[in-house]
Each structure stands twice: as structure tokens, then as C-alpha cells.
Amino acid sequence: MSSSAPAPASPRPVRVLLVEDDELMRRSFTVALERYGYQMKAAADGLTGLELFRDDSFDLLILDVMLPGLDGIGLCRRVRETSLVPILMMSARGDGLDVVAGLEAGADDYVVKPVDTYVLVARIRSLLRRATYAPASGTQRATGEGPPPSEEDLLVFGDLTIDTGGLEVSVSGNPVALTPTELKLLLEFAAHPGVVLERHTLLRNVWEYGWDGDSRVVDLCVQRLRRKLGRDRIETVRGFGYKFRR
């Protein structure tokens, strides 16, 4: 009697932590995202959200800016101390300082409340696609479990080295930890050295905005890259965008 091949394992559901103090919004977002197949866990304040994050494993965090106790900005900073998990901020004031503060704290993107479910899901899917750039194979190489990088995988710009196969970045031989969004932005620059890339081009290619998005997400992510790689690595071309120096 021939035995049938085992059925392939079902993909693990994406685990999302939502931290939102408004009970109605928290329940509404949780129910809506569960219908899309996301496995949700929710908290009503920043400290509880931080405890859940530390006690469990999540693929993505959605943080409201205005939270009791530890606010969303502070929570984002605490998370970034130990994790590169994708973070989406929610703000009730799209043109306020909240957006800038959230992006400076390490958030990858933001949405303005009230937000339609389809917009929220689109931003989540974009963030999760960027998360595939996370350097898992690079970690294997660092522990000696993976193959060494080939010459074709390495991009070298002065003291900056990018291993495009293992998705590792180093400056003067020292490894640099980048969030998935920072890494994808760097790879976009490295693919076009010496070329001026306009902000709307970066929004489309990195953040996957199909419409005119907020260029502040680009500017703040560039600032974070400069802090990690060196301020002279990415040049601002006023009125146009940014240029990656060879």
C-alpha cells in the first residue's frame, strides 16, 4: 500500500499587537483585522502593550500616539531598543508633531484616524512585505551556519558594505542594525548610486504608496539612515530628493 505524501503545513497567521486606548476603536480594528486573517492581541495603554510585547512574539505593531501612561512615542522607542519589528503609528493629527515624533522614534509608517479598514490593511501588507528584507540569513552567517557571501552579493561604498544576499550591513567592519524599511530604502539607494531619487519615487518603491504620500516618512527615514551610516552618505538635492554617494 502506497502512503500519501503529507499535506503541506498551513502558513502561520500573522500576529499583530494593537495598542489603542479608545475601546470602540480597539474592538473595531481587532474584529476587522481578524476577518482578514490576522491573529490579534490588543492593549489599552502603553505599559500593558510593552508587557505584551516583551512576553510574546509579534510580526507587526500598531501603536496609537496618544496613550495613557506610556504614550505611543515612548512605547515605540522602548520597542526599538531591542527589536526591528515593523511598527505602524496611528495619529489623530496628520499634520502635527505626532507624526514626526513617531517616525523619529523608529516607526516605519503612519496612518491618520479615522482610517478605513482597507487603507489600514494596505499599509499593514506593505510593511509585512518590507519585513521580508529582515536579515535572517545574515544571522545564520554570523553564527557560522550559513554560506559566506559571494562577491556578487557584496556592494562596497567606501567603508560601507552591503551583503545583498545575507542582507547584512556594516560600516568599517562593524555590523549595523536596520529596520526592514531602512534596509529597503538603503537597497534602493545602493541600486542607483549617484542618481537623484525624488521623494515620490522613494514613496512608491519603498513604501509602496500608489498615491501621493507624505514625504516626511522619507525624510525621517533618511535621517535615521544618516545617523547609522554617516551623515555624508546620502546627499540632499534641494527641490528634488536625495542622492546616494558612490
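Residues numbered from 1 in each chain as written. Predicted model: local features only at pLDDT ≥ 70, side-chain atom pairs only at ≥ 80, totals over all residues. Heavy atoms only, no water.

(A) Structural view of the sheet that holds strand 7 (residues 160–163). With antiparallel pairing, four strands are arranged side by side in an open sheet as 6-7-8-9. Strand pairing shows two members of the sheet lacking a second neighbour, strand 6 (154–157) and strand 9 (174–175), which therefore form its edges. Sheet topology places strand 8 (residues 168–171) next to strand 9; two bridges connect them, and they run antiparallel. Of the residues in strand 9, the one forming a bridge with S170 is P175. In the packing of helix 7 (residues 180–190) onto the sheet, contacts are made with strand 6, strand 7 and strand 8, and the angle to strand 7 comes to roughly 105°. (Pairing = 2+ DSSP bridges. Helix = DSSP H or I, 4+ residues; strand = E, 2+ residues; numbered from the N terminus. Contact = heavy atoms within 4.5 Å. Axes fitted to C-alpha atoms, helices over the stretch in contact; angles between N-to-C directions.)

(B) View of the packing of aromatic side chains. Summed over all chains, the structure comprises two aromatic pairs. Pairing F157 with F244 gives two aromatic rings, centres 4.9 Å apart and planes at 85°, and the pair type is edge-to-face. Of the two residues, F157 is situated in strand 6 and F244 in strand 12 (residues 241–244); the sequence distance between them amounts to 87 residues. In this pair, the class of F157 matches that of F244, namely buried. Consider the rings of F189 and F244, whose centres lie 6.2 Å apart with planes at 15°: the pair is stacked. Separated by 55 residues along the polypeptide, F189 in helix 7 and F244 in strand 12 bring together distant segments of the chain. Each member of the pair, F189 as well as F244, carries the same accessibility label: buried. Geometry around Y209 places R123 over its ring, the cationic atom sitting 4.0 Å from the centre. (Phe/Tyr/Trp six-rings, centres within 6.5 Å; stacked < 30°, edge-to-face > 60°. Buried < 20%, exposed > 50% of the residue type's maximum accessible area, 1.4 Å probe, protein only. Lys NZ or Arg CZ within 6 Å of the ring centre and 35° of its normal.)

(C) Spatial organisation of helix 4 (residues 97–104). Inspection of helix 4 places D98, V99, G102 and L103 among the buried residues, and these make up the whole buried set. For helix 4, the angular spread of the buried residues around the axis is 125°, confining them to a single face. Buried-residue contacts for helix 4 involve helix 3 (72–80), strand 4 (87–91), strand 5 (109–112) and helix 9 (216–229). Two residues or fewer after helix 4 comes G106, characterised by a positive phi angle close to 120°. (Arc of directions from axis to C-beta.)

(D) Summary view of helix 3. For helix 3, the buried fraction is high: seven of the nine residues fall into the buried class. G72, I73, G74, L75, C76, V79 and R80 are the residues of helix 3 that are buried. Among the structural elements, strand 1 (15–19), helix 2 (46–55), strand 3 (60–64), strand 4 and helix 4 are those in contact with the buried residues of helix 3. For helix 3, the N-terminal cap is D71; the gap from its side-chain oxygen to the backbone nitrogen of I73 is 3.2 Å. (Polar contact = N/O pair within 3.5 Å; in protein donor to acceptor, adjacent residues only side chain to side chain.)

(E) Structural view of the confidence of the model for the chain. Averaged over every residue, the pLDDT of the chain is 86; residues scoring 70 or more account for 85%. Counted against residues more than four places away or in other chains, residues 134–144, with its pLDDT under 50, gives 20 contacts. (pLDDT = per-residue confidence, 0-100.)

(F) Structural view of the packing of helix 7 against helix 9. The N-to-C vectors of helix 7 and helix 9 enclose an angle of 85°; their axes lie 10 Å apart at closest approach. When the axis of helix 7 is compared with that of helix 9, the two are roughly perpendicular. Across the interface between the two elements, T181, E182, L185, L186 and F189 of helix 7 pack against C221, V222, R224, L225, K228 and L229 of helix 9. (Parallel < 35°, antiparallel > 145°, perpendicular 65-115°, else oblique.)

(G) Local environment of the sheet that holds strand 5. Spatially, 2-1-3-4-5 is the arrangement adopted by the five strands of the open sheet, whose pairing is parallel. The open sheet has two edge strands, strand 2 (39–43) and strand 5, and neither has a second partner. The average angle at which neighbouring strand axes cross in this sheet is 20°, direction not considered. Across four bridges, the pairing between strand 4 and strand 5 is parallel. Bridging across to strand 5, L88 finds its partner in D109. Taken strand by strand, helix 3 contacts strand 1, strand 3 and strand 4, and its axis lies near 175° from that of strand 4.

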